[in-house]
Amino acid sequence: MADEVVLLDTWASMFGMRVRLALAEKGVNYDYKEQDIENKSPLLLQMNPIHKKIPVLIHNGRIICESAIIVQYIDEVWNDKSPFMPSDPYERAEARFWVDFIDKKTYVTWRKMWLSEGEEHEASKKELISIFKQLEDVLGDKTFYGGDTFGFLDIALITFSRWFYTYETYGNFKMEVECPKLMAWVKRCFQRETVSKTLPDDKKVYDYVFAWEKRLKSNK
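Residues numbered from 1 in each chain as written. Predicted model: local features only at pLDDT ≥ 70, side-chain atom pairs only at ≥ 80, totals over all residues. Heavy atoms only, no water.

Participant: Before we move on, could you go through the overall build of the protein and cite the residues and values that matter?
Facilitator: The number of helices and strands found in the protein is 11 helices and 4 strands. For the protein, the spread of C-alpha atoms along the three principal axes comes to 55 × 45 × 30 Å. Across the 220 residues of the protein, 48% fall into the buried class. Relative to all contacts within the protein whose residues are 6 or more apart in sequence, the contacts with residues 24 or more apart total 68%. Of the accessible surface of the protein, which amounts to about 11,500 Å², a share of 51% is contributed by carbon and sulfur atoms. (Helix = DSSP H or I, 4+ residues; strand = E, 2+ residues; numbered from the N terminus. Buried < 20%, exposed > 50% of the residue type's maximum accessible area, 1.4 Å probe, protein only. Contact = heavy atoms within 4.5 Å. Areas by Shrake-Rupley, 256 points an atom, 1.4 Å probe, with all protein chains shown as cover.)

Shown next as structure tokens:
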């Protein structure tokens, strides 16, 4: 019996992109159901009643939430393809640590920068850049975060690159100047067909955020 795989997601979400990329890497077919995060569907609320957020993976009726957890689940279930996680326990722990760091720091800091002005905006911008500089240091001189392997941490971070243009535009800085090694890694990742075909255009993401901002202001 074929697997029934359904993904509840929003196209511009860097967290949802992770799941789409992981599924592409494993060659898994799935039914995609786009969600409006400003007007949450009864299906989303039913499938994720705790957090009420995308992405949600439904695999043969079983519900898995939270993008990092979903990516690890995909890696373990469809294990006939190259693993995302390192074989060494310490390296697995390190990868999980940095994905957790990304999830706890990056979006929250970007949102502060986006919705603030003056000194708070500048402080948030500096913090956001420092986060990416730390992640650049973790990469070092490796091809990928997984060494020669495009792995868990690569999947978790490359989706944020689709938001870099938005960060730059709102923050008035250039990632190429601030984090040149990280941007070289982005280019290597995009040489992979799974990455280039799965992830959206960064200018479209900016348009999405700009329209979102206009709606927020009009509702005040």
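Participant: So what about the sheet that holds strand 3 (residues 56-59)? Which residues, and what values?
Facilitator: Taken in spatial order, the 4 strands make up an open sheet running 2-1-3-4, and their pairing is mixed. The open sheet is flanked by strand 2 (31-34) and strand 4 (62-65), the only strands paired with a single partner. In this sheet, adjacent strand axes meet at a mean angle of 20 degrees when their direction is disregarded. Relative to strand 3, strand 1 (residues 5-9) runs antiparallel, the two sharing 4 bridges. Paired with Leu-8 across the bridge in strand 3 is Val-56. Where helix 1 (residues 14-26) meets the sheet, it contacts strand 1, strand 2 and strand 3, and its direction lies at approximately 155 degrees from that of strand 1. (Pairing = 2+ DSSP bridges. Axes fitted to C-alpha atoms, helices over the stretch in contact; angles between N-to-C directions.)

Participant: Before we move on, could you go through the UniProt feature "domain: GST C-terminal" (unreviewed entry) in the protein and cite the residues and values that matter?
Facilitator: In this numbering, the UniProt entry assigns the feature "domain: GST C-terminal" (unreviewed entry) to residues 88-208. Taken end to end, residues 88-208 is 74% helix and 0% strand, and its first and last C-alpha atoms sit 40 Å apart. (UniProt positions renumbered as here; feature names shortened; annotations may be inferred.)

Participant: Give me the lowdown on the UniProt feature "domain: GST N-terminal" (unreviewed entry) in the protein, citing residues and values where you can.
Facilitator: UniProt's feature table lists "domain: GST N-terminal" (unreviewed entry) at residues 3-82, given in the numbering used throughout. A distance of 19 Å separates the end C-alpha atoms of residues 3-82, which is 38% helix and 21% strand.

Participant: If you had to explain the pattern of salt bridges to someone new, which residues and values would you point to?
Facilitator: In the structure shown here, the tally under the stated rule is 15 salt bridges. Salt-bridge contacts for Arg-192 lead to Glu-25; the nearest nitrogen and oxygen are separated by 2.9 Å. Residue Arg-192 is located in the loop between helix 9 (180-189) and helix 10 (193-198), and its partner Glu-25 is located in helix 1; the two are separated by 167 residues in the primary sequence. We classify Arg-192 as partly exposed; its relative accessible area is 27%. For Glu-25, a relative accessible area of 15% puts it in the buried group. A salt bridge links Lys-187 to Glu-176, with the shortest nitrogen-to-oxygen separation between them at 3.7 Å. (Salt bridge = Lys/Arg side-chain N within 4 Å of Asp/Glu carboxyl O.)

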